[in-house]
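Fold and geometry: a report
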Amino acid sequence: MASSGAEPGGAAAREGHYGEDLFEPEDPAEAGRIDAAALVFDPFTTSRLRALGVGPGSRCLEVGAGTGTVARWLLQEADVAQVVALDRDTSGLEALTDPRLRVVTADLTDEGLGLGGFDLIHARFVLMHLPERRRLVSRLAGWLNPGGLLVLGDAVEVPDTAEPASAYRRTMDAMWRALRSAIGTDTSSVPAYPRFLREEGLRDVAAELRCPPLVAGGPLARFWAETWRRMRPELEATGLVDASVVDEALAYLSSPDLAELGPGMVMAWGRAPDTPRPGR
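Here is a short report on the structure shown in this document. (Residues numbered from 1 in each chain as written. Predicted model: local features only at pLDDT ≥ 70, side-chain atom pairs only at ≥ 80, totals over all residues. Heavy atoms only, no water.)

1. Observations concerning the overall build of the protein chain
Helix and strand content of the protein chain: 8 helices and 7 strands. Of all 280 residues assigned to the protein chain, the portion counted as buried reaches 54%. For the protein chain, restricting intrachain contacts to residue pairs at least 6 apart in sequence, the fraction spanning at least 24 positions comes to 76%. (Helix = DSSP H or I, 4+ residues; strand = E, 2+ residues; numbered from the N terminus. Buried < 20%, exposed > 50% of the residue type's maximum accessible area, 1.4 Å probe, protein only. Contact = heavy atoms within 4.5 Å.)

See below:
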């Protein structure tokens, strides 16, 4: 998940990489951290994909496949014809064995990447970590078959601005700033995703915001706790928090006093015209 955008007076974003500069996949805790978030957000994703009619016969591209939870659902529950699972690190997909699965280890930003056309392209918590994300929306839209679906999911936050000094709020703000500084994470354009899809000529464009409950000791609280633990040096380097503030925020995530509207996910989708656009 990602930040709410640029921080006034904060460090400038740079083009680091998720999985290299932060959250290295070889860390023994990384798969569990990813799966904790998937446990919360997969039901939202899969219910939306099912409502959009994803099913048998579909050729699907799963961008940023991670540990393969959505790819597995597409194959086993939606019974699609093929899933192309794309990620810069695909070690988390080794347990997935299905003849309809094609694993591609590559970077979405690689200009030489050619994967063919798709009936569904799904990217969740990916574009917010990448530079030139507006251009990437155009690229993904250009890979759609006639009538194909593009579904984008990225993070947004609705913070409690009346309590900016709490340990939780200060630690979250430090995380956003650290993510932006280290790997360029920025979700300031996420509310514009429906407009981006419309600009690409897609039809039936719509979006929704899902903010799952942040429950003490629950999977989402575990995700944020592990994220903060992994980022402690970067959090403290922002100057917004020190070790005692981070400790207090971590304790709060497992406390019965926890009462916050945690970051949520915007899902936006649109369908390509039945007739390809000129030049596509």
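2. Description of the packing of helix H6 (residues 219-230) against helix H8 (residues 243-253)
Direction vectors running N to C along H6 and H8 enclose 160°, while the axes themselves pass 9 Å from each other. Here H6 lies roughly antiparallel to H8, going by the angle between them. With respect to the hand of their crossing, H6 and H8 are arranged in left-handed fashion. Where H6 approaches H8, its residues Ala-221, Trp-224, Ala-225, Trp-228 and Arg-229 are matched on the opposing element by Ala-249, Leu-250 and Leu-253. Looking at the contact of H6 with H8 residue by residue, the classes come out as 7 nonpolar, no polar and 1 charged. (Axes fitted to C-alpha atoms, helices over the stretch in contact; angles between N-to-C directions. Parallel < 35°, antiparallel > 145°, perpendicular 65-115°, else oblique. Left-handed = near helix turned anticlockwise from the far one by under 90°. Nonpolar A, V, L, I, M, F, W, Y, C, P; charged D, E, K, R; others polar.)

3. What to know about the pairing of strand S4 (residues 118-124)
The buried count for S4 comes to 6 of 7 residues, which makes it a mostly enclosed element. Direction of pairing for S4 relative to strand S5 (residues 144-156): parallel, over a ladder of 6 bridges. Considered in S5, the bridge of Arg-124 is made with Gly-153. A crossover connection joins S4 to the parallel S5 through helix H3 (residues 133-142); in handedness this β-α-β unit is right-handed. (Pairing = 2+ DSSP bridges. Right-handed = clockwise from strand over helix to strand, strands pointing away.)

4. Re the environment of Thr-187
On the secondary structure map, Thr-187 appears in the loop between helix H4 (167-183) and helix H5 (193-199). Along the backbone, Thr-187 and Val-156 are 31 residues apart, and their C-alpha atoms lie at a distance of 6.5 Å.

Scope: geometric values only; no functional claims are made or implied.
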